[in-house]
Amino acid sequence: MANTDLIRSLIRDVPDFPKKGILFKDITPLLRDARGMAAVIDAMAEQVPGRPDAIVGIESRGFIFGTPLATKLGCGFVPIRKPKKLPWKTYAQSYQLEYGTDTIEIHQDALQPGQKAVIVDDLLATGGTAEAAGKLVAKCGASVSAYLFVIELGFLDGRSKLPAGAVRSLLTF
Ligand code: AMP
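Residues numbered from 1 in each chain as written. Predicted model: local features only at pLDDT ≥ 70, side-chain atom pairs only at ≥ 80, totals over all residues. Heavy atoms only, no water.

**Q** Sorry, what's going on with the packing of aromatic side chains here?
**A** Geometry of an aromatic ring pair is reported as the spacing of the ring centres plus the angle between the planes. Counted by the stated rule, this structure contains 2 aromatic pairs. An angle of 80° between the planes, with centres 5.1 Å apart, marks the rings of Phe17 and Phe24 as edge-to-face. Judged by relative accessible area, which is 22%, Phe24 ranks as partly exposed. Residues Phe63 and Phe77 carry aromatic rings whose centres are separated by 5.8 Å and whose planes lie at 85° to one another, so their mutual orientation is edge-to-face. Residue Phe63 is found in helix α4 (residues 61-73), and its partner Phe77 is found in strand β4 (residues 76-80); the two are separated by 14 residues along the sequence. Classification of Phe63 as partly exposed rests on a relative accessible area of 22%. By relative accessible area, which is 26% here, Phe77 ends up partly exposed. Across the ring face of Phe173, the terminal group of Arg8 is positioned such that the distance to the ring centre comes to 4.9 Å. The ring of Phe173 has Lys25 lying over it, and the distance from NZ or CZ to the ring centre is 3.7 Å. (Phe/Tyr/Trp six-rings, centres within 6.5 Å; stacked < 30°, edge-to-face > 60°. Buried < 20%, exposed > 50% of the residue type's maximum accessible area, 1.4 Å probe, protein only. Helix = DSSP H or I, 4+ residues; strand = E, 2+ residues; numbered from the N terminus. Lys NZ or Arg CZ within 6 Å of the ring centre and 35° of its normal.)

**Q** Would you take a moment to explain the site of the ligand for this structure?
**A** Taken together, the neighbourhood of the ligand is formed by 13 residues, with Asp121, Asp122, Thr126, Gly127 and Thr129 sitting nearest. Within the backbone of Ala125, a nitrogen or oxygen atom sits 2.9 Å from an oxygen atom of the ligand. The contact in question runs from an oxygen atom of the ligand to an N or O atom on the side chain of Thr126, over 2.5 Å. For the ligand, the accessible surface in isolation is 490 Å², of which the surrounding protein chains cover 81%. Per-class residue counts for the shell around the ligand are 5 nonpolar, 4 polar and 4 charged. (Near = heavy atom within 4 Å. Polar contact = N/O pair within 3.5 Å; in protein donor to acceptor, adjacent residues only side chain to side chain. Areas by Shrake-Rupley, 256 points an atom, 1.4 Å probe, with all protein chains shown as cover. Nonpolar A, V, L, I, M, F, W, Y, C, P; charged D, E, K, R; others polar.)

In short, geometric facts, not functional conclusions.
Here it is, written out as structure tokens:
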């Protein structure tokens, strides 16, 4: 089986989770498959442009893919977390949800001015989370060289919220 087919076969569709009308992309079958995970991290590494200074992972599934990717690339890993989880001084960024708003945070010293970062998450849906993550990187004075996802829900057009040409995903549904 080709690697993309293998990865695709390890994503489970769960209808009506966490609420009615949502088709949830469950990555746990992928996580428990060593060959599938190795294929994902290899494929993500191939999509990274140049040599980034850091991989920035979005809580919590961005951590699962971002940390092994950073180790493979030989660069650091930076977590973006939900409010009040990070212990040091933070920058915060709010973004719009269907109903209401959400906020994410980064440590102020996580990235140095002028550094290049790659933002990683498991899935790109509407793009609101990734867009807010990009703003946090900018608040640190760093820049985003790519936004990298395992899965992209193409019909939600999240990439239109992100800089043209900067979005990479392994699988599109
Ligand atoms: P968004 O800000 O709309 O792009 O949402 C992205 C975040 O929501 C990611 O961290 C995903 O893990 C999660 N997410 C959104 N939709 C789904 C879905 N259908 N299946 C699994 N995770 C999702």
